[in-house]
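Now for the letters of each chain:
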2 protein chains.
Amino acid sequence: MGTDDRAAGRPRSREADVAILDAALDLFIERGAEATSVEQVARRAGVTRATVYRRYPDKIRLLVATIEAAYAEPLPTPEIDDVEHMLTGWVTVLSDPRQRRLLRRLYGAIEDYPELVHAYQRLFGQQRAQVRRSVLERARDRGQFPADTVPDVVLNLIIGAGWQHLAIHADSCTAAEAEKFLRAVLHQLGYRPDGHHHQPFEPPVKQ
Amino acid sequence: MGTDDRAAGRPRSREADVAILDAALDLFIERGAEATSVEQVARRAGVTRATVYRRYPDKIRLLVATIEAAYAEPLPTPEIDDVEHMLTGWVTVLSDPRQRRLLRRLYGAIEDYPELVHAYQRLFGQQRAQVRRSVLERARDRGQFPADTVPDVVLNLIIGAGWQHLAIHADSCTAAEAEKFLRAVLHQLGYRPDGHHHQPFEPPVKQ
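Values in this document were obtained by computation on a predicted structure and should not be read as measured data.

Visitor: Please explain the interface of chain B and chain A as it appears in this structure.
Guide: As a measure of interface size, the accessible area lost when the parts come together is often cited. Of the residues lining the interface, 36 residues belong to chain B; the matching set on chain A comes to 36 residues. Roughly 2,900 Å² of surface becomes buried between chain B and chain A when both sides are summed, with 53% attributable to carbon and sulfur atoms. Three residues, B:Y107, B:E111 and B:Q188, lead the burial of chain B against chain A; their summed loss comes to 25% of the area buried on that side. We note a salt bridge from B:R192 to A:D148, for which the minimum N-O separation is 3.7 Å. Taken together, the links from chain B to chain A amount to 18 residue pairs in polar contact (both at pLDDT 80 or more). Elements that contribute at least two residues to the side of chain B that touches chain A include exactly α2 (13–35), α7 (97–108), α9 (151–168) and α10 (175–188) of chain B. With twelve residues, α9(B) is the single largest residue contributor to the side of chain B that touches chain A.

Structure below.
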């Protein structure tokens, strides 16, 4: 990603910002938080260590900024309007090798670098969790899930199934394979796209 | 764990075996695979590095032996005879801070130390998976799960819910809290201890 250009001369300030965050994200994915150092990030970004330290006082704050930048794109939340849409999003993540490695690195950082996980949850998890909860409530009310379904329990189960998929399946997993896995998961959770769970004995609607 | 005694003199061979594996497990839980070194293990075990290297040619083989030792106790598999028994086992793990940290470290090692995870799966995962699969099949056949339940999907969902619990709940989680979480999970998966899913129109049994 342009490392050669950068190495040829000292990047200007804005360019250095981007180069540092790109290099830090690459290294975090390749090596994890523990094995990544400010020195390596500076070298890969083609800047001096001082250039990095002027922006971030330590590795943790550098990595937090890296995760924030990685998940800062405007969220297409209004588009997540039903379970099929959510499914498409999860399939995209589970069939993208780089996303898979990034998420495993985030899980691996829980123990020693909780700040990274908090940054991720703040930007991505919590914001989306509210949207997803509403989607699941509507799906339940339409009879796509059993009437006693608890949206937060379903969300934890789907996210957990994602962790398990990241742990046991190869990163070469295709979108079709990821979708098959997730459809089996949703089926076991009671999801029926055809609204199967609608109460058969609803009070008759006034004509 | 007896570190003072060990430091006082060179432990004998058998004692050194145990001291090395104990120290390696402690360090793996405290720091993870990446940040653990043979030198640290030797120091904490009160032995020389040469004593460690005589047994294990490198850190990876030392850590694999450590995981094998941690999960090598004879498994009480015949006791896992129904879902309630399995639940008890999972509650024990999820409410034990040391087990929680060990499992998170194992997940964190997937990327760079897959050998550790394979050792764990070989000793613990696969062996138990077969037993658990049979338990789930019997439970389904008794009407405790919906008739179209796929045991492997349920297992992935429960293990995944475990990863998620380890990620989002404090290690001070009590057994009662872990049980509440897992019962909600099992309920969403369709588990009904009372055999609720039994087909109401079975062919009459000859009298």
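Visitor: How should the pattern of salt bridges be read in this particular structure?
Guide: If charged atoms from side chains of opposite charge come close, those side chains can pair. Within this structure, the stated rule accounts for 32 salt bridges over all chains. Its salt-bridge partner being A:R122, residue A:E68 comes within 2.8 Å of it at the nearest N-O pair. In this pair, A:E68 is assigned in helix α5 (residues 59–70) and A:R122 in helix α8 (residues 114–141), connecting sequence segments 54 residues apart. Residue class for A:R122 comes out partly exposed when judged on its relative accessible area of 47%. When salt bridges that share partners are traced, they join A:R100, A:R101, A:R104, A:D171 and B:E111 into one network.

Visitor: What's the story with the UniProt feature "DNA-binding region" (unreviewed entry) in chain A in this structure? I'm lost.
Guide: With numbering matched to this structure, UniProt assigns "DNA-binding region" (unreviewed entry) to residues 37–56 of chain A. For residues 37–56 of chain A, helix accounts for 75% and strand for 0%, while the C-alpha atoms at its two ends are 12 Å apart.

Conventions and cut-offs
- All chains use their own residue numbering, which begins from 1 and follows the written sequence.
- To label them, take the chains in the order written and letter them from A, then take the ligands in the order written and number them from 1.
- Residue-level local features of this predicted model are given only where pLDDT is at least 70; pairs of side-chain atoms are given and counted only at 80 or more, and the full residue set underlies all totals for whole chains, interfaces and linings.
- With hydrogens and water excluded, all non-hydrogen atoms of the structure serve as input to the side-chain values.
- When checking whether two residues touch, look at their non-hydrogen atoms; a contact exists if any pair is within 4.5 Å.
- Buried area: the accessible area, evaluated with a 1.4 Å probe, that two parts lose upon being put together, summed over both parts.
- Think of a salt bridge as a Lys or Arg side-chain nitrogen and an Asp or Glu carboxyl oxygen that are within 4 Å of each other.
- A 3.5 Å cut-off defines polar contacts: any pair of N or O atoms within that distance qualifies, except that in protein one atom must be a possible hydrogen donor and the other a possible acceptor, and neighbouring residues in sequence count only when both atoms are side-chain atoms.
- Here a strand is any run of E in DSSP of at least two residues, a helix any run of H or I of at least four, and the numbering for each starts at the N terminus.
- Note on exposure labels: buried denotes an accessible area under 20% of the residue type's maximum, exposed denotes more than 50%, and partly exposed covers the range between, all computed with a 1.4 Å probe on protein chains only.
- UniProt positions are given in the numbering used here, feature names are shortened, and annotations may be inferred rather than shown by experiment.

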